[in-house]
Amino acid sequence: MERLIFHIDVNSAFLSWESARRVKQGLQDLRDIPACIGGDPKKRTGIVCACDGIFFY
């Protein structure tokens, strides 16, 4: 059988769920502020790649 690697990136989904939870609790909506998920909070390590702009190919 051929090996299949399946990767699911749920960072965006987590931000959506967290935003909905915060709105329900009366806290600030994460959709109104810059937000990202990455790294280990105890070690403060990780990489965040971001881009803002229009790309032409």
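Analysis parameters
- Residues numbered from 1 in each chain as written.
- Predicted model: local features only at pLDDT ≥ 70, side-chain atom pairs only at ≥ 80, totals over all residues.
- Heavy atoms only, no water.
- Helix = DSSP H or I, 4+ residues; strand = E, 2+ residues; numbered from the N terminus.
- Buried < 20%, exposed > 50% of the residue type's maximum accessible area, 1.4 Å probe, protein only.
- Areas by Shrake-Rupley, 256 points an atom, 1.4 Å probe, with all protein chains shown as cover.
- Patch = residues over 30% accessible without salt bridge, like charges linked within 9 Å, V, L, I, M, F, W, Y side chains within 5 Å.
- Salt bridge = Lys/Arg side-chain N within 4 Å of Asp/Glu carboxyl O.

Asker: Looking at this structure, I do not really get the overall build of the protein chain. What am I missing?
Answerer: For the protein chain, the helix and strand inventory stands at one helix and zero strands. Looking at the 57 residues of the protein chain, the share that counts as buried comes to 7%. When the accessible surface of the protein chain is split by element, carbon and sulfur atoms take 58% of a total near 6,000 Å².

Asker: Help me understand a nonpolar patch on the surface in this model?
Answerer: The grouping of Phe6, Ile8 and Val10 at the surface amounts to a nonpolar patch, some 340 Å² of accessible area in total. Its location among the elements puts isoleucine 8 in the segment before helix H1 (11–24).

Asker: How should I be thinking about the pattern of salt bridges in this particular structure?
Answerer: For the coordinates displayed, the defined rule picks out two salt bridges. For glutamate 18, the salt bridge goes to arginine 21, with nearest N and O atoms at 2.5 Å. Of this pair, glutamate 18 and arginine 21 both sit in helix H1, separated by three residues, roughly a single helical turn. Among the residues examined, arginine 21 registers a relative accessible area of 35% and is labelled partly exposed. Close ionic contact of aspartate 29 with arginine 31 constitutes a salt bridge, the shortest N to O distance being 2.6 Å. The class of arginine 31 is exposed, set by a relative accessible area of 67%.

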